[in-house]
Amino acid sequence: TNRTFTMIKPDAVANGHIGNILAMITNAGFRIVSLKLTQLTVADAQAFYAVHAQRPFYGELVDFMSSGPIVAAILEKENAVADFRTLIGATNPAEAAEGTIRKLYATSMGENAVHGSDSDENAAIEGNFHFSGREQF
Ligand code: ATP
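Calculation notes
Note on numbering: residues in each chain are counted from 1, in written sequence order. Only residues with pLDDT of at least 70 are given local features in this predicted model, and only at 80 or more are side-chain atom pairs given and counted; all residues enter the totals for whole chains, interfaces and linings. UniProt positions are given in the numbering used here, feature names are shortened, and annotations may be inferred rather than shown by experiment. Working definition: helices are DSSP H or I runs of at least four residues, strands are E runs of at least two. Numbering for both runs from the N terminus. Here, residue contact means that the backbone-derived C-beta atoms of the two residues sit within 7 Å. We call a residue near a molecule or strand if the C-beta atom, set from the backbone, is within 6 Å of it. Under the grouping applied here, Gly and all other residues not named as nonpolar or charged are polar, the nonpolar ones being Ala, Val, Leu, Ile, Met, Phe, Trp, Tyr, Cys and Pro and the charged ones Asp, Glu, Lys and Arg. At least two DSSP bridges between two strands are required for those strands to pair. As a rule, the C-alpha atoms of each element are fitted with a line to give its axis, helices using only the stretch in contact, and angles between N-to-C directions run from 0 to 180 degrees. For every residue, the predictor states its confidence as a pLDDT score lying anywhere from 0 to 100. Counting other C-beta atoms within 10 Å of its own, a residue is labelled buried from 20 upward, exposed at 12 or fewer, and partly exposed in the gap between, with every C-beta atom placed from the backbone. This arc describes the spread of directions from the helix axis toward the C-beta atoms.

Mapped onto this numbering, the UniProt entry gives "active site" (unreviewed entry) at His115. As for its placement among the helices and strands, His115 is situated in strand E4 (residues 114–116). When residues no more than four places from it in sequence are discounted, the contact partners of His115 are Thr6, Met7 and Lys9.

Looking at the ligand, the residues that line it are Phe57, Leu61, Thr91, Met109, Gly110, Asn112, His115, Gly116 and Asp118. Of the residues belonging to the shell around the ligand, the class tally is 3 nonpolar, 5 polar and 1 charged.

Another point: the UniProt feature "domain: Nucleoside diphosphate kinase-like" (unreviewed entry) in the chain. Under the present numbering, the feature "domain: Nucleoside diphosphate kinase-like" (unreviewed entry) in UniProt falls on residues 1–135. Secondary structure across residues 1–135 divides into 41% helix and 19% strand, with the first and last C-alpha atoms of the span separated by 18 Å.

Reading across from one edge, E2-E3-E1-E4 is the order of the 4 strands in this open sheet, with antiparallel pairing throughout. Where the open sheet ends on each side, the last strands, each with one partner, are strand E2 (31–38) and E4. Averaged over all neighbouring strand pairs, the angle between strand axes comes to 15°, with direction disregarded. Of the strands in this sheet, strand E1 (2–8), strand E3 (70–77) and E4 are in contact with helix H5 (residues 80–88), which crosses E1 at around 35°. Along the sheet face, helix H7 (residues 120–130) touches E1, E2 and E3 and points at about 55° away from the line of E1.

The share of residues in the chain with pLDDT of 70 or more is 100%, and the mean pLDDT across the chain is 98. Our summary of model confidence lists the complex with pTM equal to 0.97 and ipTM equal to 0.93.

Counting buried residues along E1, 6 of its 7 residues qualify, which places the element largely inside the surrounding structure. Note that E1 and E4 share 3 bridges and pair antiparallel. Counted as the bridge partner of Thr6 is Gly116 from E4.

Once that is clear, we can look at H5. Along an α-helix, residues three or four positions apart point the same way, because every turn accommodates 3.6 residues. Ala80, Val81, Phe84, Leu87 and Ile88 are the residues of H5 that are buried. Down the axis of H5, the buried side of the element spans an arc of 125°, and every buried residue falls inside it. Looking at the residues trailing H5, positive phi occurs at Gly89, about 90°.

In structure tokens form, the structure reads like this:
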């Protein structure tokens with residue numbers, strides 16, 4: 001098995017979707033390795049999305065991601081990174097497949113309910129940023 005890292009973003013937390021999203025994740029066969037409600041500082045969000053620093057939406061993305069509480073989690077499953085990205089659906093909810101988390105809960109391209117790591121390497125970096133070894137079960 002391998003691991004991915006997810007955040008339930010501030011929009012989905014504020015809209016009351018934590019429970020439904022976690023249910024979809026566990027029903028899809030992911031084991032919860034780590035889980036917490038937390039909030040990104042502006043500096044955290046800038047660092048997390050540094051790869052997008054030159055994009056026009058970067059400022060908006062940093063403001064949004066630091067605007068309120070998120071749920072951070074490490075998840076485990078065979079083929080975790082790819083299967084999780086399938087479960088969440090396309091970045092733009094208008095293009096997300098039926099039954100995906102973003103189709104159900106995202107409101108826009110920017111406020112799109114969830115994050116999923118794009119590689120095993122990034123999953124480990126992102127998970128270790130939020131959780132100590134003792135918090136990874
Ligand atoms: P994530 O990294 O959150 O799982 P992703 O891999 O589907 O998302 P990326 O292209 O890496 O998408 O973009 C990261 C995040 O930046 C998106 O999830 C979205 O919140 C935001 N974003 C991407 N493109 C736009 C855009 N054109 N306008 C506004 N926000 C955007």
